[in-house]
Amino acid sequence: MDHKELMTEAVRLATESVENGWGGPFGAVITRDGEIVARGQNRVLLTGDPTAHAEIETIRKAVQVINPEAPSIAEEHQNESHLKYVPRPEGSPDPVAERARMLQGCSIYISGAPCPMCMSAIYWSRIGAVYFSRSLEDTRAIGFDDSFQYEDFGKPLEERRIEIKQIHPEIGARAYDAWTNKPDRHAY
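Everything in this summary refers to the structure shown in the same document.

Here is what the cut-offs are and how they apply
- Residues numbered from 1 in each chain as written.
- Predicted model: local features only at pLDDT ≥ 70, side-chain atom pairs only at ≥ 80, totals over all residues.
- Heavy atoms only, no water.
- Helix = DSSP H or I, 4+ residues; strand = E, 2+ residues; numbered from the N terminus.
- Buried < 20%, exposed > 50% of the residue type's maximum accessible area, 1.4 Å probe, protein only.
- Contact = heavy atoms within 4.5 Å.
- Areas by Shrake-Rupley, 256 points an atom, 1.4 Å probe, with all protein chains shown as cover.
- 1 Å grid on protein atoms, 1.4 Å probe; cavity = no way out; pocket = protein on both sides within 12 Å on 5 of 7 lines; lining within 4 Å.
- Points joined across faces, edges and corners; volume = space filled by probe spheres on them.
- Nonpolar A, V, L, I, M, F, W, Y, C, P; charged D, E, K, R; others polar.
- Phe/Tyr/Trp six-rings, centres within 6.5 Å; stacked < 30°, edge-to-face > 60°.
- Lys NZ or Arg CZ within 6 Å of the ring centre and 35° of its normal.
- Pairing = 2+ DSSP bridges.
- Axes fitted to C-alpha atoms, helices over the stretch in contact; angles between N-to-C directions.
- Salt bridge = Lys/Arg side-chain N within 4 Å of Asp/Glu carboxyl O.
- Expected span 1.5 Å × (residues − 1).
- Arc of directions from axis to C-beta.
- Polar contact = N/O pair within 3.5 Å; in protein donor to acceptor, adjacent residues only side chain to side chain.

In this section: the overall build of the protein. Secondary structure assignment for the protein yields seven helices and six strands. Reading the secondary structure of the protein in the N-to-C direction produces α-β-β-α-α-β-β-β-α-β-α-α-α. For the protein, the C-alpha atoms occupy an extent of roughly 50 × 45 × 40 Å along the three principal directions. Burial status across the protein gives 30% buried among its 188 residues. A separation threshold of at least 6 residues defines the contact pool for the protein, and within that pool the share at least 24 residues apart is 48%. Of the roughly 12,300 Å² of accessible surface on the protein, a fraction of 53% belongs to carbon and sulfur atoms.

Attention shifts here to empty space enclosed by the protein. Tallied over the entire structure, the rule returns two cavities of 30 Å³ or more. The computed volume of the second largest cavity comes to approximately 40 Å³. L136, R140, F144, D145, D146, S147 and Y150 together form the lining of the second largest cavity. Mapped by element, the contributors of at least two residues to the lining of the second largest cavity are α5 (136-141) and α6 (147-153). Residues that form the lining of the second largest cavity fall into these classes: three nonpolar, one polar and three charged.

Topologically, S125 is positioned in helix α4 (residues 116-125). When neighbours within four sequence positions are excluded, S125 is seen to be in contact with I59, R101, M102, L103 and Q104.

Now for the packing of aromatic side chains. Under the definition given, this model contains two aromatic pairs. For the pair F26 and F144, a centre-to-centre distance of 5.0 Å together with 85° between the ring planes defines the contact as edge-to-face. In this pair, F26 is assigned in the loop between α1 (3-20) and β1 (27-32) and F144 in the loop between α5 and α6, connecting sequence segments 118 residues apart. Aromatic side chains Y109 and Y131 sit 4.8 Å apart centroid to centroid with 25° between the ring planes, which places their arrangement in the stacked category. Within this pair, whereas Y109 is found in strand β5 (residues 106-112), its partner Y131 is found in strand β6 (residues 129-134), the two being separated by 22 residues in sequence. Above the ring of W22, the side-chain terminus of R43 is found at 4.6 Å from the ring centroid.

A separate point is the pairing of β1. Of all six residues in β1, five are buried; the element is thus mostly enclosed. Bridge analysis of β1 against strand β2 (residues 35-41) gives six bridges, and the strand direction is antiparallel. When the sheet's bridge partners are listed, A28 is paired in β2 with G40. For β1 and β5, the ladder comprises five bridges, and the chain directions are antiparallel. What sits directly across from R32, in β5, is C106.

With that settled, the discussion passes to the sheet that holds β2. Across the sheet, four strands lie side by side as β2-β1-β5-β6; this open sheet has mixed pairing. Sheet topology places β2 and β6 at the edges, where each strand pairs with a single neighbour. Strand-to-strand twist of the sheet, defined as the mean angle between neighbouring strand axes without regard to direction, takes the value 15°.

Before going further, it helps to examine the pattern of salt bridges. On inspection of all chains with the given rule, the structure shows nine salt bridges. Note that K165 is salt-bridged to E163, the shortest N-O span being 3.7 Å. Under the relative-accessibility criterion, K165 is labelled exposed at 62%. Through salt bridges that share partners, E9, R12, E16 and R39 make up one connected network.

Taking 1.5 Å per residue as the helical rise, α1 with its 18 residues ought to reach 26 Å, and the 26 Å between its terminal C-alpha atoms agrees with that figure. Along α1, the positions that sit buried rather than exposed are L6, M7, E9, A10, L13, A14 and S17. Along the long axis of α1, the arc covered by the buried residues comes to 155°, so they all point the same way. Set apart from the buried face of α1 by more than 90 degrees, the exposed residues are K4 and E19. On its buried face, α1 sits against β1, β2, β5 and β6. Structurally, the start of α1 carries an N-cap: the backbone nitrogen of K4 is 3.1 Å from a side-chain oxygen of D2. Where α1 ends, the next residue or the one after it, G21, has phi of about 75°, a positive value.

This is the structure we're talking about:
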């Protein structure tokens, strides 16, 4: 499939979301080698889940396709990771030599530019390319304005819209120490 066909499918999903009252005009497809791996659409109004954006829904589905053992891990394997490792990219500042592959080698097509939450999920999932149809300005014009979040992230914690404070770091150290001292930890 080419870029136009893939974007057309993302927009079809977005339109379906609007027509069914599931959420805003956002649809997405994730591809690998030019073939669709997963489809998703905004389902915020359907589910009441503010994280049910098209990109997040699509990432979750793509992970199930690419890592089919993860969704139904048998009890005897609950404490194992099934994510394959890939080496650190050449020239990367990453201090870890290998990390879990996640969705490396995939692309995502989205009806609109990703919000900060979705863009973060795209980075964390290691998707290699993002293609969108409508800009952040277009999205703002129809009532979805995420610019304040992008602006807020650049401010010091004490100047942000939401109260953000570090408290009791000694308590959190327990979990961090457990990770640091786990000899078989699976870097992701």
